[in-house]
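# Tertiary structure, described
Listed below, chain by chain, are the residues.
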Amino acid sequence: MLCAVVLLHACGGGGGGSAGNNSTPAATPLSVLPSSYENKMAALPVALTQLPKLSAVAALASGLTLGMDSVPASLAVADFQRNGSYSAFVIASDGTSQARAYMVGYGSAGNWTDLSDSLFRNSTDRVACVRPEQAAVADLNSDGRPDVYVACSGNAGGSVPQVLYLSQTDGKYQKTTTTVQLNATSVALADIDGDTNACKDVVTTHNGALQVMMATACNGVYTLSLPADNTGRVPQSAVARPPSNVRNVFLVPRANRRYDLLVGGDGSLGFSFKWFLNNGNYGSSGYFDTTDVTKVRDYLLTVDTGNNRYDYLESGSYGYIYIRNGATQAFGGFNRIPLPGVSSTISYSVLTPPASHSLTDWPVAMRLVDNSLRVYDAGCDLLVALNNSSRCGRQYLLSDFPP
């Protein structure tokens, strides 16, 4: 069994936070929430979660190499400046050989600002993986500041180091990579083993299979371990086997800082979306229940089984599964499920968008704000958005999706 240790060095000072907004910075930095899921679902400024393509932002276009543009899935939003305002992390890539990380701010006057020179240590720290699949925010080195983990896939199915941007004592970010090489499509960050160091563990994917990396230290040096019993930590049995070709993973918080594991992939094994409920026992070990059928929810969603990408959201008593076709970027489906803590019924409702929402280029991911779906990616066309005709220029009301 493969076993590796990943040492990610970082320095850190203290930090904390309270609520604030992007246009009127507060004296106190905004807090970093306990998991990547919670940080994405926080009350983020809409402008930053619906970021135009970097090539459409005049102030930033001069810094782009010919053939490069922002990758929508690479968006991560947090108070990276630690000044009580949100800013965005995004990667521009040509998809084959070059990729560069950006930090972008949105001012009260409606102007976009490139913050990269002030937030990255040097130009080499801005070199990113060329195929970023998802960026996630969490405090990885226990300094109270947001860090970014980028799940990266390899060209032609090859494996590559995963890229992290860790906060430093001078307020800037330094790039580091994992020694474990993966062909990943998604990442979720949370303390799943409930250990005393409260370090953020990693659930990700490798060649379509679930992969877990456990954090063993995070105070100044962020240490990830690829455990020898990795296959025992994730569902493998016939009862709890995940979908084939896993595309997206989610660690969703429950009571007492426990996390459920949600997995979306292809349905060739029978189910395209699975929910593994925590049973209160795995918290001391980082294991998910692999045998108890009552702890597993299966959803055979009516979607294609070839190349779907998933996003998961919650509102009230329901969870929402948003699906798009990863190859064509077209809308793949929108499904509502009763939360396991609310109902024991394993069911789902297909929610159909009206004809006015039948765009060919649907967002990478979504957020729920005031009972409406909001785009969460960095792929808007700025000029089209101004005319309220692109995916980023619209709101998708839940009421627009009747069952």
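Placed above this text is the structure.
Residues numbered from 1 in each chain as written. Predicted model: local features only at pLDDT ≥ 70, side-chain atom pairs only at ≥ 80, totals over all residues. Heavy atoms only, no water.

### Focus: the overall build of the chain
Selection criterion: Helix and strand labels come from DSSP, where a helix needs a run of H or I of at least four residues and a strand needs a run of E of at least two; each type is numbered from the N terminus. Think of it in three bands: residues with accessible area under 20% of the maximum for their type are buried, residues over 50% are exposed, and the middle band is partly exposed, with areas taken using a 1.4 Å probe on protein chains only. Note that accessible areas follow from Shrake-Rupley with a 1.4 Å probe, and for residues the cover is restricted to the protein chains shown.
Looking only at helices and strands, the chain has 6 helices and 27 strands in total. Counting only residues that meet the buried cut, the chain has 54% of its 403 residues in that class. Total accessible area on the chain stands at roughly 15,300 Å², and carbon and sulfur atoms take up 51% of it.

### Things to note about the nonpolar core
Put simply, the rule is: We define the nonpolar core as a collection of buried residues of types Ala, Val, Leu, Ile, Met, Phe, Trp, Tyr and Cys that are connected through side-chain atoms lying within 4.5 Å of one another. Residues count as neighbours in contact if any of their non-hydrogen atoms are within 4.5 Å of one another.
Judged by nonpolar contacts, the single largest core of 24 residues is most densely connected at Leu 51, Leu 54, Leu 75, Val 77, Val 90, Tyr 102 and Val 104. For this core, the secondary structure elements donating two or more residues are strand 5 (87-93) and strand 6 (99-106). When residues in this core are grouped by element, the largest group, 3 residues, is from strand 5. Residues in contact with Val 77, not counting those within four places in the same chain, are Leu 44, Leu 48, Thr 49, Tyr 86, Ser 87, Ala 88, Val 137 and Tyr 376. Counting residues in hydrophobic clusters, the runner-up holds 21 residues, among them Met 103, Leu 115, Leu 119 and Tyr 165.

### What about the state of the cysteines?
Filter applied, for reference: Pairs of cysteine sulfur atoms within 2.5 Å are what we label disulfides.
The tally for this structure, following the rule as stated, stands at 2 disulfides. Note that Cys 129 is cross-linked by a disulfide to Cys 152, the S-S spacing being 2.1 Å. Between Cys 129 and Cys 152, the S-S torsion sits near -75°, and that sign places the bridge as left-handed. Placement of the pair is Cys 129 in the loop between helix 4 (116-119) and strand 8 (132-138) and Cys 152 in strand 9 (residues 147-152), with a sequence separation of 23 residues. This pair shows no difference in class: Cys 129 is buried, exactly as Cys 152 is.

Function cannot be read off these values alone, since they describe shape.
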